[in-house]
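# Residue-level structure breakdown
Okay, here's what each chain looks like letter by letter:
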There are 2 protein chains.
Amino acid sequence: MRKNKISHNVILRLPRYLRYLEELRSKDVVRISSGELGRLMGITASQIRQDLSCFGEFGQQGYGYNVEMLLGEVAKILGIRRERRAIIIGAGNLGRAIIGKFPFEQYAFRLTAAYDVSHEIVGTEMAGLTIRHADTLAADLQDSPPDIAVLTMSGESARTISTLLADAGVRGIWNFTNQDLPNMGPDVIVENLHFSDSLLTLSYYMTHPKDNELEKP
Amino acid sequence: MRKNKISHNVILRLPRYLRYLEELRSKDVVRISSGELGRLMGITASQIRQDLSCFGEFGQQGYGYNVEMLLGEVAKILGIRRERRAIIIGAGNLGRAIIGKFPFEQYAFRLTAAYDVSHEIVGTEMAGLTIRHADTLAADLQDSPPDIAVLTMSGESARTISTLLADAGVRGIWNFTNQDLPNMGPDVIVENLHFSDSLLTLSYYMTHPKDNELEKP
């Protein structure tokens with residue numbers, strides 16, 4: 001059913017579709033045209049039609065999209081219709097922000113373990129988890145590797161730990177450290193969230209405000 | 001001097017060039033060919049030459065790039081050669097992670113104020129800053145608006161606060177809340193760091209591993 005070629009930028013827009021459709025559903029909106037959805041999201045109706053046509057046929061000429069139905073389809077495309085298990089490594093301020101506030105369950109992720117090395121943090125409880133010492137990680141992974149690992153520790157150990165994770169069968173790494181990870185083969189997906197890259201992007205556009213008109217995903 | 005058209009994706013790669021060049025400099029590497037740099041970064045030599053040619057002529061046929069020189073040029077392009085003033089709104093776990101650990105000064109940003117609303121947090125000190133009550137924000141902005149504001153508070157107030165900031169002349173917003181901000185006109189640059197979008201991107205690629213071969217910036 002794929003008519004258009006999928007690009008990374010299309011994929012980057014999918015989470016935004018999900019967010020806007022969830023908001024529409026929460027307001028009991030039953031259907032919406034690509035034009036209206038585009039106005040809300042600040043993109044063109046034709047962009048929306050083109051993006052969604054990468055994955056199938058979801059709208060109906062003259063009717064628009066059924067919000068509930070499209071939301072379900074986008075969730076399915078994003079892979080959040082089956083539960084995945086996550087662990088987090090690093091329970092400093094950033095780790096605690098994520099453990100305490102990030103709505104994993106909303107995206108069908110279940111956080112099952114948290115690790116740190118600081119003796120002040122190990123053993124404390126947070127969001128129903130007792131923080132474990134990172135020394136136990138290797139043994140825990142043998143037992144039952146999670147689907148993904150969230151890296152929120154300081155960057156020095158990022159490469160070693162990610163190799164350990166990949167060897168144990170962890171298939172997704174959500175990397176908040178400021179390090180690029182080694183290539184762990186096609187079976188391990190790495191998603192980097194480099195804060196500094198983001199600030200530098202802001203700095204670029206502030207320095208070259210005219211480029212802010214460039215199309216962004 | 002711009003030979004190639006700049007795209008958002010080229011801009012997204014610039015912070016990575018900066019990181020790799022900084023690492024090379026720290027190892028006292030004086031020059032590097034586009035081929036070697038490409039192998040380090042996992043992109044092709046021709047991509048590098050094409051990206052950099054958007055901004056000028058930095059290499060020399062048969063010699064490659066002078067690391068120090070190219071680093072300086074990339075820093076200049078990214079706009080981190082003059083100091084900018086930043087404030088942060090929200091000093092919960094995420095805010096504290098950024099106040100305590102993020103190396104603003106490395107990118108010529110200076111964090112000059114932090115705000116929160118919690119009576120447990122307001123008045124405490126962190127990284128040389130006394131956390132101020134968010135009620136004082138409007139008056140402080142009148143006094144001397146910063147260049148950028150970092151939004152790390154909970155999302156409900158994001159739209160109101162960003163409008164307040166824009167009206168006061170703040171030109172850049174680094175948005176960690178999970179809210180899309182209103183359009184504040186061409187003079188206000190918004191850089192979003194939506195954690196959930198990032199996790200959903202990871203989820204997508206884990207669900208469709210073949211698409212992981214798509215070109216990413």
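You'll find the structure just up there.
Report on the accompanying structure. Within any chain, residue numbers begin from 1 and follow the written order of that chain's sequence. All chains are assigned letters beginning with A, and all ligands numbers beginning with 1, in the order in which they are written. Two thresholds apply to this predicted model, a pLDDT of at least 70 for residue-level local features and 80 or more for giving and counting side-chain atom pairs, whereas whole-chain, interface and lining totals are computed over all residues. Note that water and hydrogens are dropped before the side-chain values are worked out from all heavy atoms of the structure.

## Remarks on the packing of aromatic side chains
Ring pairs (aromatic) are described by centroid distance and by the angle formed between their planes. We apply this condition: Any two rings among Phe, Tyr and Trp, with Trp reduced to its six-membered ring, count as a pair given centres within 6.5 Å; such a pair is stacked if its planes are under 30 degrees apart, edge-to-face if over 60, and tilted if neither.
Applying the stated criterion across every chain, the model contains 19 aromatic pairs over all chains. Measuring from centroid to centroid gives 5.5 Å for Tyr204(A) and Tyr205(A), while their planes differ by 90 degrees, and the two rings are edge-to-face. Their ring planes at 35 degrees and their centres at 5.9 Å tell us that Phe102(B) and Tyr107(B) sit as a pair that is tilted.

## With respect to the sheet that holds strand 7 (residues 132-133) of chain A
All names here are of chain A. Just so we agree on the cut-off: For two strands to count as paired, DSSP must find a minimum of two bridges between them. Helical segments are the DSSP runs of H or I of at least four residues, strand segments are the runs of E of at least two, and each set is numbered from the N terminus.
Pairing within the open sheet is parallel, and its six strands lie in the order 7-4-3-8-9-10. Both edges of this open sheet fall to strand 7 and strand 10 (189-192), since each of them pairs with a single strand only. Here strand 3 (residues 84-89) runs beside strand 8 (residues 148-151); their pairing, made up of four bridges, is parallel. Residue Ile 89 lies in a different strand from strand 8, and its bridge partner there is Leu 151.

## Some thoughts on the relation of the copies chain A and chain B
Quick note on the threshold: When the copies are superposed, the least-squares fit takes in the C-alpha atoms of residues with a pLDDT of at least 70 in both. Whether two residues touch is decided by their heavy atoms; if any such pair falls within 4.5 Å, the residues are in contact.
For the pair chain A and chain B, the superposition axis carries a translation of 0.0 Å, the fit reaches an RMSD of 0.0 Å, and the rotation angle comes to 180 degrees. Between the two chains, the operation in question is that of a two-fold axis. With an isologous cut-off of 70% or more, the 100% of interface residues of chain A that recur at the interface of chain B puts this contact in the isologous class.

## Description of the interface of chain A and chain B
Under the convention used in this document: Accessible area that two parts lose when put together, evaluated with a 1.4 Å probe and summed over both, is termed the buried area. Here, a salt bridge means any Lys or Arg side-chain nitrogen found within 4 Å of an Asp or Glu carboxyl oxygen. Pairs of N or O atoms are called polar contacts if they sit within 3.5 Å, as long as, within protein, a hydrogen donor faces a hydrogen acceptor (for residues adjacent in sequence, only side-chain-to-side-chain pairs).
Contact residues are listed per partner, giving 63 residues for chain A and 63 residues for chain B. When chain A packs against chain B, the two sides together hide about 5800 Å² of surface, and 64% of this comes from carbon and sulfur. Together, Leu199(A), Leu200(A) and Met206(A) form the three largest contributors to the area buried by chain A at its contact with chain B, with a combined 12%. Summed over the shared surface of chain A and chain B, the number is six salt bridges. A salt bridge links Asp180(A) to Arg16(B); the shortest N-O distance between them is 3.9 Å. In this structure, the connection of chain A to chain B is made through 26 residue pairs in polar contact (both at pLDDT 80 or more). When contributions to the side of chain A that touches chain B are tallied by element, the ones reaching two or more residues are helix 1 (8-26), helix 5 (93-101), strand 9 (172-175), strand 10 and helix 8 (195-207) of chain A.

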